[in-house]
Amino acid sequence: MSATVFVRKKDSENVLKMNGINAKLYRPCDCSEGPLLPPGITVLDNQVAGHSFTKADSSLGILKHTDGSVLKPILKPGPGAREIQFYKNLQQATDPVSVELRGFVPEFRGTTTVTVNGRDVECIVLENVTNEFVEPCIMDIKIGRQTWDPEASSDKIETEKAKYADSRKEYGFCIPGFQVYRMSTGKVIRLGKDYGKKLNKETIKDALKLFLNADSGLNRHLLLQLLSKLWRILRWCRRQRRYRIYASSLLLMYDARRLRQNLRKTTGTTERPMSPVLSRAHSFAAPVLCRAQSLKLNLALRSNSALIDEGSFTGRTTNRGSYRSVPTTPTRISSPGIPEKSRSLVGAANGIGRSLSQTISRSLSFVSASPAPPPLERQSSNGSWHFDFKEACRTHSLVNNYEKDLQSMKDNYKSELDDLVSEEKPGDRELWAKVKMIDFAHTFSSVDDEVDTNYLEGLESLIKLLESLFQDF
Ligand SMILES: Nc1ncnc2c1ncn2[C@@H]1O[C@H](COP(=O)(O)OP(=O)(O)OP(=O)(O)O)[C@@H](O)[C@H]1O
Ligand SMILES: O=P(O)(O)O[C@@H]1[C@@H](O)[C@H](OP(=O)(O)O)[C@@H](OP(=O)(O)O)[C@@H](O)[C@H]1OP(=O)(O)O
């Protein structure tokens, strides 16, 4: 990977050259002043893709509430209603496919109306899936070659086909945005659509490495955590025939703070990766408080055993608060369209039914939603990624018997998975990387009882590309 070069800097705009690509730094609020919002609600400053706040077309981005939720404004009635219905149905569903899917998506907390710039806007209320991360690195990966749904107009189909053409054609997914706290510089960068749209067969791998902070070596521990989540979703996807998921994203997330700690522990080096907090403290050196904080952090960084934010990753208690009921009958969303080609991609996979996702539920007095039965995986989670690895090791080869190309790679790192599991100490068990599926504005019920090959192929291709990184380092 080539180095980052900042080529231009204005008050309103940062342009940088990243891996040979000129790109504007993405800002979720691209206006001089933020929107006028009620108390307790602010712009989601770590939003990495999707609609953002712009003055020009009065588009609205994602908001966050101090209670730990995000609020997704409904911008278009059709897709908006579809996404609300998707979450409501999922919340009530009892079939195994939907119950498992519930563990892969943010918790749905109903809908609410927020006054934005004096206008009332209906919003979907979701768990903020980045909440527990101190320095959240987040990548939005839109899955599927086809990103238009069966109801799309021909204009929409043409626009969608023209975007991210190289990466979608090659891999069946694209990267509309990501942010990363960089180990090498101690700075956070956020690259958006304008960078993502320029990525091609070669540079998309660089983007993944950049996101994984792999400039000078891959942290295998990090990649394995992400892969263990993706394998689960893959297994679900190979079996499910209920949903057609278009233009939906996977959010890959990890905590750079924990990566830094992990690097220190595993390399045992005296050279410390830069902390963004420290680097900020250095550059704004003046205030006494700032120096004191910097000193305290420095001491923590110098202690090999110090886990600076160890406390941030413990499980939190569930408090659903007061909810009102919504209709309980799961309805099939009608899809007039496009019969999908049948392909026998499905491997015989047995249910795992568990993962380590620990749900963070907070009370939301303004939300209308009925309490959902907890997903199976949450009921039985033991709160440790240890379990996921074990399960992944046990089932992975079963799942992929028919994929010889992947099989050889898995054999290469299977022993590493075993090592990670056996090396693990109780204090290391908390999750610091995870994956969630988001954005269901274009998700439909299947009409033909076939596998969703469009989604499946994109997901398989992403997994394959990530697995190939093991061989690059
Ligand atoms: N539950 C969540 N928790 C934390 N961040 C979220 C959550 N949902 C969305 N985001 C952030 O907001 C971004 C956009 O989300 P989403 O894709 O749902 O919006 P959108 O406007 O529908 O996107 P698009 O323009 O692709 O239709 C994500 O990339 C992520 O950064
Ligand atoms: O204009 P962009 O950058 O290609 O982003 C589009 C865009 O936000 C579009 O919304 P709209 O202009 O149709 O309201 C999104 O469509 P949906 O709201 O139907 O999902 C696209 O998903 C965006 O594309 P992308 O995020 O892939 O760049």
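You'll find the protein chain entered in an unreviewed UniProt entry as Kinase, with Timema podura given as the organism. UniProt, in its Sequence similarities (unreviewed entry) section for the protein chain, records the words "Belongs to the inositol phosphokinase (IPK) family."

*Asks:* Quick one: what's the story with the site of ligand 1, residue by residue and with numbers?
*Replies:* The immediate surroundings of ligand 1 are formed by 19 residues, with Val48, His51, Lys72, Glu127 and Asp140 found nearest. Between Lys72 and ligand 1, the recorded distance is 2.8 Å, taken from a side-chain N or O atom to an oxygen atom. Measuring from an oxygen atom of ligand 1, one finds a side-chain N or O atom of Lys142 at 3.0 Å. Broken down by class, the residue content of the shell around ligand 1 amounts to ten nonpolar, four polar and five charged.

*Asks:* Kindly report on the pairing of strand E13 (residues 249–255), identifying the contributing residues and their values.
*Replies:* A large share of E13 lies buried, amounting to seven of its seven residues. Burial along E13 is two-sided: the face carrying Ser249, Leu251, Met253 and Asp255 and the face carrying Leu250, Leu252 and Tyr254 are both buried. Where strand E9 (residues 136–143) and E13 come together, seven bridges link them in antiparallel fashion. When the bridges of E13 are listed, Lys142 appears paired with Ser249. Bridging between E13 and strand E14 (residues 433–438) involves six bridges; their strand directions are antiparallel. Each bridged residue has a counterpart across the sheet, and for Leu250 the counterpart in E14 is Met437.

*Asks:* Any details on the sheet that holds strand E5 (residues 63–65)? Residues and values, ideally.
*Replies:* Here five strands make up an open sheet; going across it, the order is E4-E5-E6-E8-E7 and the pairing antiparallel. At either margin of the open sheet sits one strand with a lone partner, and together these are strand E4 (41–43) and strand E7 (108–116). Within the sheet, the average angular offset between the axes of one strand and its neighbour, ignoring direction, is 35°. Across two bridges, E5 lies against strand E6 (residues 69–73) in antiparallel orientation. Each bridged residue has a counterpart across the sheet, and for Lys64 the counterpart in E6 is Val70. In this fold helix H1 (residues 77–92) packs onto E6, E7 and strand E8 (119–127), with an angle of close to 35° to the strand it touches most, E8.

What counts and how
- Residues numbered from 1 in each chain as written.
- Chains lettered and ligands numbered in written order.
- Predicted model: local features only at pLDDT ≥ 70, side-chain atom pairs only at ≥ 80, totals over all residues.
- Heavy atoms only, no water.
- UniProt positions renumbered as here; feature names shortened; annotations may be inferred.
- Near = heavy atom within 4 Å.
- Polar contact = N/O pair within 3.5 Å; in protein donor to acceptor, adjacent residues only side chain to side chain.
- Nonpolar A, V, L, I, M, F, W, Y, C, P; charged D, E, K, R; others polar.
- Buried < 20%, exposed > 50% of the residue type's maximum accessible area, 1.4 Å probe, protein only.
- Helix = DSSP H or I, 4+ residues; strand = E, 2+ residues; numbered from the N terminus.
- Pairing = 2+ DSSP bridges.
- Axes fitted to C-alpha atoms, helices over the stretch in contact; angles between N-to-C directions.
- Contact = heavy atoms within 4.5 Å.

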